[in-house]
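Now for the letters of each chain:
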Amino acid sequence: MPKVSDDRLAARRREILDGARHCFAEYGYDGATVKRIEESTGLSRGAIFHHYRDKEALFLALAREDAERMADVAAEQGLVQVMRDMLARPQDFDWLGTRLEIARKLRTDNTFRAEWVARSTELEQATLRRLERGRQAGRLRDDVPTDVLLKYLDLVLDGLITRLASGQPTDDLHDVLDLVEESVRAHK
(Lines give C-alpha, C1' and ligand atoms only; values in the text may rest on other atoms or scores of the structure.)
Protein backbone atom coordinates (compact mmCIF):
# COMPACT_ATOMS: atom_id res chain seq x y z
CA MET A 1 0.00 0.00 0.00
CA PRO A 2 1.48 3.41 -0.95
CA LYS A 3 2.47 5.65 1.93
CA VAL A 4 0.82 9.07 2.10
CA SER A 5 3.31 11.92 2.49
CA ASP A 6 3.37 14.09 5.60
CA ASP A 7 2.60 17.09 3.39
CA ARG A 8 -0.50 15.39 2.03
CA LEU A 9 -1.65 14.43 5.55
CA ALA A 10 -1.14 18.02 6.73
CA ALA A 11 -3.06 19.32 3.70
CA ARG A 12 -5.92 16.92 4.43
CA ARG A 13 -6.06 18.00 8.09
CA ARG A 14 -6.10 21.64 6.90
CA GLU A 15 -9.04 20.87 4.56
CA ILE A 16 -10.91 19.25 7.43
CA LEU A 17 -10.25 22.11 9.85
CA ASP A 18 -11.24 24.76 7.31
CA GLY A 19 -14.47 22.97 6.44
CA ALA A 20 -15.29 22.29 10.08
CA ARG A 21 -14.61 25.92 11.03
CA HIS A 22 -17.13 27.00 8.40
CA CYS A 23 -19.65 24.40 9.54
CA PHE A 24 -19.39 25.35 13.25
CA ALA A 25 -19.70 29.03 12.29
CA GLU A 26 -22.82 28.40 10.23
CA TYR A 27 -24.65 25.85 12.37
CA GLY A 28 -23.20 26.15 15.87
CA TYR A 29 -21.65 23.29 17.81
CA ASP A 30 -24.79 21.22 18.21
CA GLY A 31 -26.02 21.94 14.69
CA ALA A 32 -22.71 20.95 13.10
CA THR A 33 -23.73 17.36 12.61
CA VAL A 34 -21.35 14.82 11.15
CA LYS A 35 -23.34 14.93 7.92
CA ARG A 36 -22.97 18.71 7.74
CA ILE A 37 -19.26 18.47 8.49
CA GLU A 38 -18.96 15.94 5.65
CA GLU A 39 -20.75 18.36 3.31
CA SER A 40 -18.66 21.31 4.48
CA THR A 41 -15.36 19.51 4.03
CA GLY A 42 -16.35 17.52 0.96
CA LEU A 43 -14.93 14.44 2.67
CA SER A 44 -16.37 11.22 4.00
CA ARG A 45 -16.93 10.48 7.66
CA GLY A 46 -14.09 7.95 7.51
CA ALA A 47 -11.66 10.47 6.02
CA ILE A 48 -12.55 13.07 8.67
CA PHE A 49 -12.45 10.76 11.66
CA HIS A 50 -9.25 9.10 10.49
CA HIS A 51 -7.61 12.39 11.52
CA TYR A 52 -9.86 13.41 14.43
CA ARG A 53 -11.38 11.05 17.01
CA ASP A 54 -14.81 12.70 16.93
CA LYS A 55 -16.61 16.02 16.51
CA GLU A 56 -15.41 17.23 19.91
CA ALA A 57 -11.76 16.48 19.05
CA LEU A 58 -12.21 18.37 15.79
CA PHE A 59 -13.72 21.34 17.61
CA LEU A 60 -10.94 21.30 20.20
CA ALA A 61 -8.34 21.20 17.41
CA LEU A 62 -9.84 24.46 16.12
CA ALA A 63 -9.73 25.89 19.65
CA ARG A 64 -6.07 24.86 19.99
CA GLU A 65 -5.20 26.37 16.61
CA ASP A 66 -6.84 29.69 17.48
CA ALA A 67 -5.36 29.71 21.00
CA GLU A 68 -1.87 29.23 19.56
CA ARG A 69 -2.39 31.97 16.99
CA MET A 70 -3.83 34.36 19.58
CA ALA A 71 -1.05 33.48 22.07
CA ASP A 72 1.58 34.40 19.48
CA VAL A 73 -0.06 37.78 18.89
CA ALA A 74 -0.62 38.33 22.64
CA ALA A 75 3.02 37.52 23.41
CA GLU A 76 4.31 40.03 20.86
CA GLN A 77 1.64 42.73 20.73
CA GLY A 78 -0.73 42.16 23.65
CA LEU A 79 -4.24 40.83 24.17
CA VAL A 80 -5.82 44.08 22.99
CA GLN A 81 -4.18 43.48 19.60
CA VAL A 82 -5.82 40.04 19.51
CA MET A 83 -9.14 41.83 19.97
CA ARG A 84 -8.26 44.35 17.26
CA ASP A 85 -7.50 41.42 14.94
CA MET A 86 -10.94 39.99 15.71
CA LEU A 87 -12.54 43.25 14.68
CA ALA A 88 -10.41 43.56 11.55
CA ARG A 89 -10.92 39.95 10.40
CA PRO A 90 -14.11 38.61 12.00
CA GLN A 91 -14.30 35.86 9.36
CA ASP A 92 -11.18 34.29 10.94
CA PHE A 93 -13.01 34.02 14.25
CA ASP A 94 -16.58 33.36 13.11
CA TRP A 95 -16.62 29.85 14.54
CA LEU A 96 -16.45 31.47 17.99
CA GLY A 97 -20.15 32.16 17.44
CA THR A 98 -20.52 28.84 19.20
CA ARG A 99 -19.45 30.58 22.43
CA LEU A 100 -22.87 30.37 24.09
CA GLU A 101 -23.09 26.65 23.37
CA ILE A 102 -19.56 26.24 24.65
CA ALA A 103 -20.44 28.02 27.90
CA ARG A 104 -23.20 25.46 28.47
CA LYS A 105 -20.89 22.58 27.60
CA LEU A 106 -18.18 23.93 29.91
CA ARG A 107 -20.70 23.98 32.73
CA THR A 108 -22.05 20.47 32.16
CA ASP A 109 -19.24 18.37 30.65
CA ASN A 110 -16.18 17.93 32.87
CA THR A 111 -14.07 16.22 30.20
CA PHE A 112 -14.78 18.93 27.66
CA ARG A 113 -14.05 21.63 30.26
CA ALA A 114 -10.65 20.09 31.04
CA GLU A 115 -9.72 19.98 27.35
CA TRP A 116 -10.95 23.55 26.75
CA VAL A 117 -9.03 24.90 29.74
CA ALA A 118 -5.89 23.14 28.56
CA ARG A 119 -6.25 24.83 25.17
CA SER A 120 -6.85 28.26 26.72
CA THR A 121 -3.86 28.14 29.06
CA GLU A 122 -1.35 29.05 26.35
CA LEU A 123 -3.12 32.32 25.55
CA GLU A 124 -3.45 33.16 29.23
CA GLN A 125 0.24 32.46 29.93
CA ALA A 126 1.41 34.48 26.90
CA THR A 127 -0.74 37.41 28.00
CA LEU A 128 0.48 37.18 31.59
CA ARG A 129 4.14 37.14 30.48
CA ARG A 130 3.57 40.18 28.27
CA LEU A 131 1.82 42.04 31.09
CA GLU A 132 4.70 41.25 33.44
CA ARG A 133 7.26 42.49 30.88
CA GLY A 134 5.20 45.66 30.40
CA ARG A 135 5.04 46.25 34.12
CA GLN A 136 8.81 45.73 34.51
CA ALA A 137 9.41 48.20 31.69
CA GLY A 138 7.18 50.76 33.40
CA ARG A 139 4.53 50.76 30.65
CA LEU A 140 1.73 49.25 32.76
CA ARG A 141 0.11 50.56 35.87
CA ASP A 142 1.55 49.12 39.06
CA ASP A 143 -1.33 49.86 41.43
CA VAL A 144 -3.24 46.74 40.30
CA PRO A 145 -1.86 43.18 40.50
CA THR A 146 -0.92 41.65 37.15
CA ASP A 147 -3.38 38.78 37.58
CA VAL A 148 -6.21 41.32 38.03
CA LEU A 149 -5.19 43.05 34.78
CA LEU A 150 -5.22 39.65 33.08
CA LYS A 151 -8.74 38.88 34.36
CA TYR A 152 -9.90 42.34 33.28
CA LEU A 153 -8.57 41.85 29.74
CA ASP A 154 -10.01 38.33 29.63
CA LEU A 155 -13.46 39.67 30.56
CA VAL A 156 -13.21 42.28 27.80
CA LEU A 157 -12.21 39.53 25.35
CA ASP A 158 -15.19 37.40 26.43
CA GLY A 159 -17.48 40.39 25.93
CA LEU A 160 -16.08 41.05 22.47
CA ILE A 161 -16.50 37.41 21.48
CA THR A 162 -20.09 37.43 22.76
CA ARG A 163 -20.81 40.60 20.80
CA LEU A 164 -19.33 39.11 17.62
CA ALA A 165 -21.18 35.82 18.23
CA SER A 166 -24.52 37.57 18.63
CA GLY A 167 -24.09 39.57 15.42
CA GLN A 168 -24.12 42.97 17.12
CA PRO A 169 -22.40 45.87 15.33
CA THR A 170 -18.70 46.27 16.08
CA ASP A 171 -17.88 49.50 14.25
CA ASP A 172 -17.75 51.50 17.47
CA LEU A 173 -15.50 49.07 19.33
CA HIS A 174 -12.14 50.43 18.13
CA ASP A 175 -12.56 53.40 20.48
CA VAL A 176 -13.55 51.01 23.27
CA LEU A 177 -10.35 49.02 22.74
CA ASP A 178 -8.37 52.28 22.82
CA LEU A 179 -9.97 52.97 26.20
CA VAL A 180 -9.17 49.46 27.45
CA GLU A 181 -5.55 49.83 26.35
CA GLU A 182 -5.27 53.22 28.00
CA SER A 183 -6.78 51.88 31.23
CA VAL A 184 -3.93 49.39 31.78
CA ARG A 185 -1.10 51.79 30.91
CA ALA A 186 1.03 53.52 33.49
CA HIS A 187 0.28 57.23 33.78
CA LYS A 188 3.25 59.43 34.44
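Everything below is about the structure printed above this text.
As a starting point, this report considers the structure included with it. Owing to the predicted nature of the structure, the values given are computational and were not obtained by experimental measurement. (Residues numbered from 1 in each chain as written. Predicted model: local features only at pLDDT ≥ 70, side-chain atom pairs only at ≥ 80, totals over all residues. Heavy atoms only, no water.)

**So, the overall build of the chain**
The number of helices and strands found in the chain is 9 helices and 0 strands. Mapped from its N terminus to its C terminus, the chain presents α and β elements in the order α-α-α-α-α-α-α-α-α. Based on the C-alpha atoms only, the size of the chain along its principal axes is roughly 65 × 35 × 30 Å. Across the 188 residues in the chain, those meeting the buried criterion constitute 37%. Long-range contacts, defined as pairs at least 24 residues apart, comprise 67% of the intrachain contacts of the chain with a sequence gap of at least 6. Carbon and sulfur atoms make up 51% of the accessible area of the chain, which totals about 10700 Å². The averaged location of the 35 negative side-chain charges in the chain is 3 Å from the averaged location of its 31 positive side-chain charges. (Helix = DSSP H or I, 4+ residues; strand = E, 2+ residues; numbered from the N terminus. Buried < 20%, exposed > 50% of the residue type's maximum accessible area, 1.4 Å probe, protein only. Contact = heavy atoms within 4.5 Å. Areas by Shrake-Rupley, 256 points an atom, 1.4 Å probe, with all protein chains shown as cover. Lys, Arg positive; Asp, Glu negative; His and termini not counted. Charge placed at Lys NZ, Arg CZ, Asp CG, Glu CD.)

**A look at a negative patch on the surface**
Side chains of E68, D72, E76 and E122 sit close together on the surface and give a patch of like negative charge. Of the residues forming the negative patch, the biggest block, 3 residues, is contributed by helix 4 (residues 55-77). Among the residues examined, E76 registers a relative accessible area of 61% and is labelled exposed. (Patch = residues over 30% accessible without salt bridge, like charges linked within 9 Å, V, L, I, M, F, W, Y side chains within 5 Å. Salt bridge = Lys/Arg side-chain N within 4 Å of Asp/Glu carboxyl O.)

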